[in-house]
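# Overview (structure and organization)
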Amino acid sequence: MCGIAGILNLNEGALDEGTPEVLSSMIRELSHRGPDESGFFMKGAIALGHARLSIIDLSTGSQPICNEDRSVWIIFNGEIFNYLELKEDLEKRGHRFSTKTDTEVIIHSYEEKGMDCLNDLNGQFALALWDEKKQTLYLARDRVGICPLFYTTYGGRMIFASEVKSIFQYPGIERKIDFKGLDQIFTLWTTIPPRTIFQDISEIPAGNYLEVKNGKFQKKQYWDFDFHADDPPYKESFYAEQLTHLLVSAITIRLRSDVPVGVYLSGGLDSSIVASLIHRFTDNSLKTFSITFENKDFDESSYQKQMVDFLGTDHSSVSINCEDIYKVFSRIIWHSEKPILRTSPAPLYRLSKLVNEHNYKVVLSGEGADEFFTGYNIFKEAKIREFWAKDPDSIYRPLLLKKLYPYLNLPRDKGNIFLKKFFNYKLTETADPFYSHLIRWKNTAVLKGYFSSEVKKALAGYNCLEDFEKKNFEDWNIVSRAQYIEAKTFLSGYLLSTQGDRMLMANSVEGRFPFLDHRVIEFCNRIPAKLKLKILSEKNILKKASKPFLPAEITERKKQPYRAPISKNFLGNDQKGYVLDLLSSKRVKEAGYFSADGTQKLVNKIVKLGDHLGERDNMALVGILSTQLLHSLFIENTG
Amino acid sequence: MDQNELRKSVRNFIQENFIFDKDYSFQDDSSFLDEGIIDSTGILELVAFLEENFHIKVEDEELIPDNLDSVNNIIHYLQKKVSKISVLV
C-alpha cells in the first residue's frame, strides 16, 4: 500500500507556483502509508504526489509513472495481483514497459481500454490517473473498498488524497463535522459514501470511479455485488471443490511480492484456512501473527496455538490488556478519522505494530469470509425472524433466536418473553429491503438521544438511509439481501477501513485478503443461500472445503465474534486521565455534538457499574469519547 | 413508602440510569422495551435496583413484561409483592 494525493485546477490555466509546497505537506501527512520514498509530478492543471511503501519492483517502481509518450500519468495505492498475466497480454499487443511494476500495467491497460480496464484488474487499489490529451482526471477505487480515497473542492481546485488529514493540509479548507455523517455512524456504524464524517469531504464509493473533466464530475459504478444464485444449484461437493481451487489461486497471486509475506492467525476458520492453503499449496515459508487478550472472554490463543502446532509456523503474538487500549485510543482515532462505537480496531493497531517490528510489510488475512459465506449472526437472525413472521403467534419459532445471542444476558428469562419482545420489531415487514438490519440499527440509533439540541435540530426529519443507493432486492432471498447490506455498510465502511486499512497502514503494513478476490466473491454469491447457511449452520460450504486442510476442532468450533473490552479500558481505576477531561461538561459543550447532562449521567453510571455495563452504554461511551477525540484532533487541529 | 413516593423512586431510577436524552419524556405507561428505553442488560439493572431498594426477591417467573415493562407495571407488581411479604407500607 501507499499514500496518494493530488490537486487539480478546475478552471482554465495552470496551478499556482505554491502548489508543490502544499502537495509536499499533503504527502508528508501520509508518510505512515508510504515511508520508503515520495515522488511528485506537476504540469499545467494537475499536481500528483505519492508516498511509497516499496513491495514490488523495489528498484524502479517509483511513482508517479507515465506511459511511453508521457501523456498519461498515474499515482497508485494498492496492488494488482494479476499484473503478470495482464502484462504478458499487453506486451503481445505491442506495449513496452519501462518498469516491472503492477502500476505501469494499469497505464497500458488504460491506453488499451480506457476506464473499462478496471474490469480486468484483480486487486485492491485507489488511484488517480491523469490523461493529458483529454485533460481528464480519473479517481478510482477497488470493488469492495479496501483502499481509501477522499476528495473535496475549494477555491476552484479539486483536492484529493488517501486520507482526510492530507486534504486538510490544503490551506483554507474548513474543518467541520457533518451532522448527517454523525447520524449515520450512530445508526449504521459507518458513513455511506460519498458522505463522510467531515462536511464537504467526499469519499469515492467502492466499485466506482469519478471522471473529472472541464470542471464537471461524473461518478460511474463499474462493479457491484450480485446475489443471483445458480438455479438449479450444483451439489455442495462441487461448490466446495471449486472454492478450494479459487482460494488457492486467490492466495497464490496474493503472495506475489518482492518482500516477505506474513499471515494473521486469529484461531478462527477464515484465517486458519488461508494459512493452511499457503502451507499446502505454496513454498512460502509461514510467518504468522496473532493477538491474545489478558481477558479470557475475548481470548482465542488456545485455537491459535493449535493451528501453529498443526502447521509448524514461525509464530509471534502480542498480548493486549485494557491499559493498552486506553493508551492507543487517541492514535486509533487519528488514523481511523471516524467516530467508532467499539474498541476493536485498537488490538489490530497493536497487531500491525507487531508485524512491523518483525520487519514484515505484507500480511494475508481472512476478512470477507463472514460476509460472503454467511458467518454472522445477523444472517441467521434475519432467517429466523422471517420464519417466525410466517406464524407470529408461535411459541417455539422465536426460541431459535436464543441460540444466537448467549451473551444477551437474560439467564432468568425462562418464558423467553423478553427475548420475543426484543426481536419482534417490525416482525412481519419482511419485504422491507432493510429488514435484516432493522433491529441492529434501531438499537444503535438509541444512542442519538445523546446528541445535543443543536445537532438534533439540524437533523430534524433526516433519515440516514436516504444516502443508501436503492437496489432492486425483489428476487433476492432474505439472507442475500442481508449480505448485500452488510457488505455495503459494515464491510467496506468499517471492517476494511476503520479496522482494516487504517490500522494496518498506521504501522506501514499492507493487508491482503484472498476472500475478497472478486472471483471468490462472485463465485460465492452464486451459491444458493440455503447451502451457505444450511438451516442455521454458518459457512457450510467453506467448512466443507476446509475439512481436508484443518483440524476438526477448528472447522467445527463455534464462531467467536471478534470483540475487545470496552468500559474498563477508559474508566478503570488508573485510566481516567484524558477520558474524564474529554467527557467533562466543559469539553462536551465546547465541541457541541452531545448533551453535557446526558454525558455526565453516562460517566456517573459507568463509574458506578464498572464492568457490569450493558452493550448500549458501552457503545455510547466509545461513540462519545471517539467523537470528542476526533473533534480535538481534526477540528481543533491538535493532532 | 406510599404509592407516590414509590412512583417517584422508580421514575427517578429510570430517569437517571436509562434516559440520557433530556428532550425525551416518558410516561408512566410507556413500554421500556417498545420505546427502546431499556435494553437486555437494563432489565437486569432494573431487577437489581428493585431487589436492593425494596428488599424483595424477583422470582424467575415474575420476570415478565407485565411486571417490569413500564413504571405502572412496576408499581403494580411491587404493590402485589408487598401485600404478600408485607415489607412495603
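It should be noted that the structure appears before, not after, this text.
Read on for a plain summary of the structure. (Residues numbered from 1 in each chain as written. Chains lettered and ligands numbered in written order. Predicted model: local features only at pLDDT ≥ 70, side-chain atom pairs only at ≥ 80, totals over all residues. Heavy atoms only, no water.)

## Here's the deal with empty space enclosed by the protein
Residue and element names in this part refer to chain A. A full pass over the atoms with the stated rule returns seven cavities of 30 Å³ or more. Considering only enclosed or pocket space, the largest cavity measures out at about 130 Å³ in volume. Along the walls of the largest cavity sit 17 residues, with Arg52, Ile56, Gln63, Asp102 and Thr103 positioned nearest its centre. Sort the elements by how many residues they give to the lining of the largest cavity and strand β5 (residues 72-80) lands first, with four residues. Looking at the lining of the largest cavity residue by residue, the class counts come to six nonpolar, eight polar and three charged. Of the voids in this model, the second largest cavity is the one considered here, and its volume is about 120 Å³. Along the wall of the second largest cavity there are 14 residues; nearest its centre are Phe150, Ser336, Glu337, Lys338 and Arg502. No other element matches helix α17 (residues 497-505), which puts three residues into the lining of the second largest cavity. Class assignment for the residues of the lining of the second largest cavity results in five nonpolar, five polar and four charged. Counting residues domain by domain, the lining of the second largest cavity receives three or more from each of domain 1 (3-221) and domain 2 (236-373 + 500-556). (1 Å grid on protein atoms, 1.4 Å probe; cavity = no way out; pocket = protein on both sides within 12 Å on 5 of 7 lines; lining within 4 Å. Points joined across faces, edges and corners; volume = space filled by probe spheres on them. Helix = DSSP H or I, 4+ residues; strand = E, 2+ residues; numbered from the N terminus. Nonpolar A, V, L, I, M, F, W, Y, C, P; charged D, E, K, R; others polar. Domains from an automatic or database assignment.)

## Describing the sheet that holds strand β6 (residues 123-131) of chain A
Residue and element names in this part refer to chain A. Pairing within the open sheet is antiparallel, and its six strands lie in the order β4-β5-β6-β7-β11-β12. On the outer flanks of this sheet lie β4 (65-66) and β12 (216-221), each paired with one strand and no other. Where β5 and β6 come together, nine bridges link them in antiparallel fashion. The partner of glutamate 79 across the bridge, within β6, is glutamine 124. This element, helix α3 (residues 102-113), spans β4, β5, β6 and β7 (136-141) of the sheet and lies at about 125 degrees to β5. (Pairing = 2+ DSSP bridges. Contact = heavy atoms within 4.5 Å. Axes fitted to C-alpha atoms, helices over the stretch in contact; angles between N-to-C directions.)

## Things to note about the nonpolar core
Counting residues in each nonpolar core, the largest one holds 254 residues, and the members touching the most others are Leu137, Leu139, Met158 and Phe570 of chain A together with Ile14 and Leu46 of chain B. Excluding anything up to four places from it in sequence, leucine 139 of chain A contacts Leu127, Ala128, Leu149, Tyr151, Met158, Phe160, Ile204, Asn208, Tyr209 and Leu210 of chain A. (Core = buried A, V, L, I, M, F, W, Y, C linked by side-chain atoms within 4.5 Å. Buried < 20%, exposed > 50% of the residue type's maximum accessible area, 1.4 Å probe, protein only.)

## Examining the side chain of arginine 512 of chain A
Residue and element names in this part refer to chain A. With respect to the helices and strands, the residue arginine 512 is situated in strand β17 (residues 510-512). When its relative accessible area of 0% is taken as the criterion, arginine 512 is described as buried. At 2.8 Å, the side chain of arginine 512 and the backbone oxygen of arginine 254 are in polar contact. Separated by 2.6 Å, the side chains of arginine 512 and glutamate 510 make a polar contact. Not counting the four nearest positions on each side in its chain, arginine 512 is found in contact with Ile55, Glu79, Phe81, Gln124, Arg254, Leu255, Arg256, Ser257, Val362, Val363, Leu364 and Ser365. (Polar contact = N/O pair within 3.5 Å; in protein donor to acceptor, adjacent residues only side chain to side chain.)

## Some words on the layout of surface pockets
A water-sized probe rolled over the atoms picks out the places where empty space is left. When its volume is computed, the second largest pocket comes out at roughly 520 Å³. Residue lining of the second largest pocket: 28 residues in total, with Ala445, Val446, Leu447 and Gly449 of chain A together with Gly36 of chain B positioned closest to the centre. When contributions to the lining of the second largest pocket are tallied by element, the ones reaching two or more residues are α14 (438-445) and α26 (615-635) of chain A together with α1 (3-18) and α2 (40-54) of chain B. Considering only residue class, the lining of the second largest pocket consists of 11 nonpolar, five polar and 12 charged. Lining the lining of the second largest pocket are residues from two domains, each supplying at least three of them: domain 3 (377-447 + 462-485) and domain 4 (567-635) of chain A.

## Some details on the interface of chain A and chain B
Counting residues at the interface gives 31 residues for chain A, matched by 32 residues for chain B. Summed over the shared surface of chain A and chain B, the number is five salt bridges. Between lysine 456 of chain A and aspartate 23 of chain B there is a salt bridge, and its shortest N-O distance comes to 3.0 Å. Between the two partners, chain A and chain B, sit nine residue pairs in polar contact (both at pLDDT 80 or more). Counting residues per element, the ones that place at least two in the side of chain A that touches chain B are α13 (417-423), α15 (453-458), α25 (596-609) and α26 of chain A. Here the side of chain A that touches chain B is built from residues that sort into 11 nonpolar, seven polar and 13 charged. (Salt bridge = Lys/Arg side-chain N within 4 Å of Asp/Glu carboxyl O.)

## Some words on a negative patch on the surface
Residues and elements named next belong to chain A. A contiguous patch of negative charge, built from Asp226, Glu474, Asp475 and Glu522, is present on the exposed surface. Within the secondary structure, glutamate 474 sits in the loop between α15 and α16 (478-495). Residue glutamate 474 is classed as exposed on the basis of its relative accessible area of 75%. (Patch = residues over 30% accessible without salt bridge, like charges linked within 9 Å, V, L, I, M, F, W, Y side chains within 5 Å. Areas by Shrake-Rupley, 256 points an atom, 1.4 Å probe, with all protein chains shown as cover. Lys, Arg positive; Asp, Glu negative; His and termini not counted. Charge placed at Lys NZ, Arg CZ, Asp CG, Glu CD.)

## As for the pattern of salt bridges
Residue and element names in this part refer to chain A. Per the stated rule, a full pass over the model turns up 55 salt bridges over all chains. The salt bridge involving arginine 254 is made with aspartate 517; its shortest N-O contact spans 3.0 Å. Here the residue arginine 254 occupies a position in helix α6 (residues 236-254), and aspartate 517 occupies one in the loop between β17 and α18 (518-526), the gap between them amounting to 263 residues. Exposure remark for arginine 254: the relative accessible area of 2% places this residue in the buried category. Aspartate 517 gets classed as buried once you look at its relative accessible area, which sits at 0%. Between lysine 287 and aspartate 314 there is a salt bridge whose closest N-O contact spans 3.4 Å. With lysine 287 in strand β14 (residues 287-293) and aspartate 314 in strand β15 (residues 314-320), the pair connects residues that are 27 residues apart, well separated along the chain.

## Some thoughts on the packing of aromatic side chains
Residue and element names in this part refer to chain A. This structure, assessed with the given rule, holds 37 aromatic pairs over all chains. Taking the centre distance of 4.5 Å and the plane angle of 35 degrees together, the rings of tyrosine 234 and phenylalanine 238 count as tilted. We classify tyrosine 234 as partly exposed; its relative accessible area is 47%. On the basis of relative accessibility, which here comes to 33%, the residue phenylalanine 238 falls in the partly exposed class. When the ring of tyrosine 376 is compared with that of phenylalanine 490, the centres are 6.5 Å apart and the planes differ by 85 degrees; the resulting orientation is edge-to-face. Here phenylalanine 490 lies in helix α16 and tyrosine 376 lies in the loop between α11 (369-372) and α12 (377-389), a separation of 114 residues in the sequence. Accessibility assignment for this pair places tyrosine 376 and phenylalanine 490 in one class, buried. Grouping aromatic residues by their ring pairs yields a cluster made of Trp223, Phe225, Phe227, Phe372, Trp476 and Tyr484. Positioned above the aromatic ring of tryptophan 334, the side-chain terminus of lysine 165 is 4.9 Å from the ring centre. One Lys or Arg, lysine 442, reaches over the ring of tyrosine 425 and ends 4.5 Å from the middle of that ring. (Phe/Tyr/Trp six-rings, centres within 6.5 Å; stacked < 30°, edge-to-face > 60°. Lys NZ or Arg CZ within 6 Å of the ring centre and 35° of its normal.)

## Notes on the sheet that holds strand β2 (residues 37-43) of chain A
Residue and element names in this part refer to chain A. Taken in spatial order, the six strands line up as β2-β3-β1-β9-β8-β10 in an open sheet, and their pairing is antiparallel. Taken across any chain shown, the strands that pair with only one partner, and hence form the sheet edges, are β2 and β10 (202-203). Bridge count between strand β8 (residues 150-154) and strand β9 (residues 157-161): five bridges; the pairing is antiparallel. Counterpart to phenylalanine 150 in the pairing with β9 is alanine 161. Lying over the sheet, helix α1 (residues 19-28) contacts β1 (3-9), β2, β3 (46-52) and β9, oriented at roughly 155 degrees with respect to β1.

## As for the pairing of β1 of chain A
All names here are of chain A. Judged by how many residues are buried, β1 sits mostly within the fold: seven of seven residues are covered. Residue alternation in β1 divides its side chains into two sets, Gly3, Ala5, Ile7 and Asn9 and Ile4, Gly6 and Leu8, and both sets are buried. Across six bridges, the pairing between β1 and β3 is antiparallel. By the bridge assignment, leucine 8 is partnered in β3 with isoleucine 46. As defined by bridge partners, β1 adjoins β9 across five bridges and the pair is classed as antiparallel. Note that in β9 the partner of leucine 8 across the bridge is methionine 158.

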